Structures are given as C-alpha cells and as structure tokens.
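# Coordinates in review
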Amino acid sequence: MACNQQALQRLSSQYMKRDWSRGKAEPGANGSVYTLWRCIVEATAQMSVSRTNAAENYRFLSNEATKTLRAAKEQRLKKSLEQMQRVQGELVEEVRDLNKIKKRYCQLQRIADIACEKASDAQSRSKRNDLGIFHFRTTLHKLNTKLSARLSECNLQLTEARNEYLLTLAAVSAHQEHYQATSLPALMK
C-alpha cells in the first residue's frame, strides 16, 4: 500500500507541475494527492464523454452516408433492371416472331411437297396415257395445268416464307450478339 501511495505522489507531483487542473480545485483544497486524483478522474470522464459523443456523431454520419449510398445503388439497380427487362423482352418477342415464321415456313413446305407430288403424279399419268373410265385427255390436261399453277404458287409462297425466315433469323442473331456484346456489359457496369 505504501508503494502505491509513493507512486501516486510521484504521479501527482508531475501533474501539479503541469498546472492543467487550475481552476478546477475545490475551495479549501490544499493540492493533496486525493484532490489531484479526483481531478484526473474527472478529466478522464470528461474526455471519455467527449470521445463517446464524437463516436456517436461519426456513427450517425456514416449511417447517413450509407443510407444515401444504398438508396443510390438501389435506384441504379432498379433502372438497370428495367432496362434489362426491356431489352430481354424485345429479344424474346423477336424469337417468338421467328418461331411463328418458321412454323409458317414448315407448313408451306409441306403444302409445296404435297402439291409437287400431285403435279408429278398427274404429269406421269398424262405421259403414260393412263386414262380411266371417266377421265378424258382434256380433263387430265386441265388437271395437270391446274396442279402446275398450284405448284408454282406454292413455290412462290415458299420462297417468300424462306426469305422472311432467313432475314428474321439474321435479325434475331444480330440482336442477340448486340445484346451479349454491348447491352449486357453496359447494364452490368
């Protein structure tokens, strides 16, 4: 205990020389170790309160900055998400159109194949002179002409559908490449 008192006296003598506790001493205090110790404790408490207040201010400021950044980030994310949904929606719509055109092209191709078979069958019967009881040469000739006209019409429609399909396929491919090369990286930034 005596050792502790001596250490406190040495410490108090150093602090009394600094004169930092001037004006805080109680009236009638004679500058003893206990008075000095009380001043040190009070000063430490005041510093801890001020540091706690500063820490609270910093925490409040950092929370406000975080809220602002989070709100800005959410707004950018929402905007980017809307743009991505729009671009992807356009791409999906083009693919749907492509599927419709492909389906139409396949149907026209089947119709053209059937028309080609009927026309070739009528031509081969006309060349073989395969006349039935109720078939005349003029009837077969008219049927052959009618089927040939139908075949050329089907071929024309098939060519139009094929060209439309190929152009749409090229457009969808270009749109998808543009989406992957330009739109998607720009939205991710």
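Below is a summary of the structure that appears in this document. Per chain, residue numbering runs from 1 following the sequence as it is written. Local features in this predicted model are restricted to residues of pLDDT 70 or higher, and side-chain atom pairs are both shown and tallied only at a pLDDT of 80 or more, whereas totals for entire chains, interfaces and linings draw on every residue. The side-chain figures draw on all heavy atoms in the structure; neither hydrogens nor water molecules are used.

Our focus in this paragraph is the overall build of the protein. Numbering of helices and strands runs from the N terminus; a helix is a DSSP stretch of H or I covering at least four residues, while a strand is a stretch of E covering at least two. Scanning the protein for helices and strands turns up three helices and zero strands. Helices (α) and strands (β) of the protein occur, in sequence order from the N terminus, as α-α-α. The buried label goes to any residue with under 20% of its type's maximum accessible area, the exposed label to any with over 50%, and the partly exposed label to all in between, with areas taken from a 1.4 Å probe on protein chains only. Every one of the 189 residues in the protein was classed for burial, and the buried ones make up 17%. Any two residues whose heavy atoms approach within 4.5 Å are treated as being in contact. Residue pairs at least 24 apart in sequence account for 71% of intrachain contacts in the protein once pairs closer than 6 positions are excluded.

For the rest of this paragraph, the subject is the nonpolar core. In these notes, a set of buried Ala, Val, Leu, Ile, Met, Phe, Trp, Tyr and Cys residues joined through side-chain atoms within 4.5 Å is what counts as a nonpolar core. Core analysis: the largest hydrophobic core is formed by eleven residues, namely Y105, L108, A112, A115, A119, A122, L147, L151, C154, L158 and A161. Where this core is concerned, the elements lending two or more residues are α2 (33–128) and α3 (137–188). Ranked by residues supplied to this core, first place goes to α2 with six residues. Excluding residues that lie within four positions of it along the chain, L151 makes contacts with A112, A115, C116 and A119.

We define a salt bridge as a contact between a side-chain nitrogen of Lys or Arg and a carboxyl oxygen of Asp or Glu at a distance within 4 Å. A complete count under the given rule lists seven salt bridges for this structure. Ionic pairing is found between R59 and E56, a salt bridge with its closest N-O pair at 2.8 Å. Taken together, the residues span about one helical turn, with R59 and E56 both in helix α2 at a distance of three residues. For R96, the salt bridge identified is with E93, shortest N-O distance 3.7 Å. With R96 and E93 both in helix α2, this residue pair falls three residues apart, about one helical turn. Residue E93 is classed as partly exposed on the basis of its relative accessible area, which comes to 37%.

Take the packing of aromatic side chains next. Each aromatic pair joins two rings of Phe, Tyr and Trp (for Trp, the six-membered one) with centres within 6.5 Å, and gets the label stacked for planes under 30 degrees apart, edge-to-face for over 60, and tilted for any other angle. If you walk through the whole model with that rule in mind, you get one aromatic pair. Ring centres of Y105 and Y165 lie 5.8 Å apart, and the angle between their planes is 5°; this geometry places the pair in the stacked category. Taken as a pair, Y105 in helix α2 and Y165 in helix α3 lie far apart in primary sequence, 60 residues in all. An identical accessibility class is assigned to Y105 and Y165; each is buried.

Turning our eyes to something else, we now look at the environment of R110. Residue position: R110 is located in helix α2. By relative accessible area, R110 is classed as exposed at 52%. Taking the C-alpha atoms as reference points, R110 and L158, separated by 48 residues in sequence, lie 9.6 Å from one another.

Before going further, it helps to spend a moment on the environment of L91. By the element assignment, L91 lies in helix α2. Assessed through its relative accessible area of 13%, L91 is described here as buried. Spatially, the C-alpha atom of L91 lies 7.0 Å from that of Q176, the residues being 85 residues apart in sequence. The contact partners of L91, leaving out residues within four places of it in the chain, are V172, H175, Q176 and Y179.

Inspection of the secondary structure puts S183 in helix α3. For S183, a relative accessible area of 17% corresponds to the buried category. Contact partners of S183, with chain neighbours within four places excluded, come to V87 and H178.

That is the geometry; function is a separate question.
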